[in-house]
Amino acid sequence: MSVQKTFLALAAFFLAHTCAHAGGELPRKGDIYIISRDDGRMFRGSHRIYNRKADGLVEVQYCGRSYWVRYATVAWTQVEVENEYVVKVEHNWGKGWRPICEHPEEQVTLKDLGISEDPRMVMYNDGPTEPKINRFAAIRKSFKTAQEMAKSYHDK
């Protein structure tokens, strides 16, 4: 193997490792991630998902359980599947990774979160750039009568 190929292989390994564990944290026992693997079950990348609410995270449900994720994580799952990789929610049991939920990309999409942007743009920007649609507010607004809408307009 040439020096250039060796360098490229090491660089790819380093990038995959640092992308997989954003924030400098290595996975600990009990951590939950969405993990992408190729058809040979080799690790490609991962995004951490959380069990509690925090700034910048949105609540989703995978296999009937609530998690909090970044919008970019949902976008990433869509892109990985488009590239014909397999994504699963996996749990670190301290002795390796165990799948706990299959096909998260089918359970939550950007469209489900009110985002119509291309997933690659959401990943690049680490979130949506267009305003998110609040479906409940839109539904509530549609039930207001014309008189209520006019009254609220003139009261301003």
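For clarity, every value in this text was computed on a predicted model and none was experimentally measured. (Residues numbered from 1 in each chain as written. Predicted model: local features only at pLDDT ≥ 70, side-chain atom pairs only at ≥ 80, totals over all residues. Heavy atoms only, no water.)

## What about the pairing of strand E3 (residues 58–62)?
Working note: regular strand, side chains alternate between the two faces of the sheet.
Stage number 1. Here E3 shows a buried face lined by Val58, Val60 and Tyr62 and an unburied face lined by Glu59 and Gln61.
Stage number 2. When E3 meets strand E4 (residues 65–69), the two strands line up antiparallel, connected through five bridges. Pairing of glutamine 61 across the sheet is with serine 66, part of E4.
Stage number 3. A loop of two residues connects E3 with E4, the two strands running antiparallel in sequence, and cysteine 63 in this loop sits at a positive phi of about 50°. (Buried < 20%, exposed > 50% of the residue type's maximum accessible area, 1.4 Å probe, protein only. Helix = DSSP H or I, 4+ residues; strand = E, 2+ residues; numbered from the N terminus. Pairing = 2+ DSSP bridges.)

## Observations concerning the side chain of asparagine 92
Stage number 1. Residue position: asparagine 92 is located in strand E5 (residues 86–92).
Stage number 2. A polar contact of 2.8 Å, which involves the side chain of asparagine 92, links it to the backbone nitrogen of glycine 94. (Polar contact = N/O pair within 3.5 Å; in protein donor to acceptor, adjacent residues only side chain to side chain.)

## Remarks on the pattern of salt bridges
Stage number 1. Under the defined criterion, the tally for this structure stands at seven salt bridges.
Stage number 2. For arginine 48, the salt bridge identified is with aspartate 31, shortest N-O distance 3.1 Å. Here the residue arginine 48 occupies a position in strand E2 (residues 43–49), and aspartate 31 occupies one in the loop between helix H1 (3–20) and strand E1 (32–37), the gap between them amounting to 17 residues.
Stage number 3. Take arginine 48: its relative accessible area is 22%, and that puts it in the partly exposed class.
Stage number 4. Residue arginine 70 is joined to aspartate 126 by a salt bridge in which the shortest nitrogen-to-oxygen separation is 2.8 Å. Of this pair, arginine 70 sits in the loop between E4 and helix H2 (71–82) while aspartate 126 is found in the loop between helix H4 (119–124) and helix H5 (135–142), placing the two residues 56 residues apart along the sequence.
Stage number 5. You can call arginine 70 partly exposed: its relative accessible area is 30%. (Salt bridge = Lys/Arg side-chain N within 4 Å of Asp/Glu carboxyl O.)

## Observations concerning the pairing of E1
Stage number 1. Here E1 lies mainly inside the structure; six of its six residues are buried.
Stage number 2. What you see with E1 is no split at all: Ile32, Ile34 and Ser36 on one side and Tyr33, Ile35 and Arg37 on the other are buried throughout.
Stage number 3. Hairpin geometry of E1 and E2 is characterised by an intervening segment of five residues between the two adjacent antiparallel strands and by a positive phi of about 65° at arginine 41.
Stage number 4. Relative to E5, E1 runs antiparallel, the two being bridged by six bridges. Each bridged residue has a counterpart across the sheet, and for arginine 37 the counterpart in E5 is valine 86.

## Details of the environment of methionine 42
Stage number 1. Residue placement: methionine 42 occurs in the loop between E1 and E2.
Stage number 2. Among the residues examined, methionine 42 registers a relative accessible area of 54% and is labelled exposed.
Stage number 3. Residues methionine 42 and tyrosine 85, spaced 43 residues apart in sequence, show a C-alpha to C-alpha distance of 10.0 Å.
Stage number 4. Aside from chain neighbours lying at most four places away, what touches methionine 42 is Ser36 and Arg37. (Contact = heavy atoms within 4.5 Å.)

## Here we look at H2
Stage number 1. For H2, which comprises twelve residues, the first-to-last C-alpha distance of 17 Å matches the rise-based estimate of 16 Å (1.5 Å per residue) to within 8%.
Stage number 2. In terms of burial, H2 is a largely internal element, ten of the twelve residues being buried.
Stage number 3. Listed as buried for H2 are Tyr71, Ala72, Thr73, Val74, Ala75, Trp76, Thr77, Gln78, Val79 and Glu80.
Stage number 4. At the C-terminal side of H2, glutamate 84 shows a positive phi close to 70°. (Expected span 1.5 Å × (residues − 1).)

## Here's the deal with the nonpolar core
Stage number 1. Membership of the largest hydrophobic core comes to 20 residues, with the highest contact counts inside it found for Ile49, Val60, Tyr62, Val89 and Leu113.
Stage number 2. Contributing elements (two or more residues each) for this core: E1, E3, E4, H2 and E5.
Stage number 3. For this core, the leading source of residues is H2, giving four residues.
Stage number 4. Leaving out residues up to four positions away in the same chain, tyrosine 62 has contacts with Ile34, Ile49, Tyr67, Val69, Val74, Val89, Cys101, Pro104, Gln107 and Val108. (Core = buried A, V, L, I, M, F, W, Y, C linked by side-chain atoms within 4.5 Å.)

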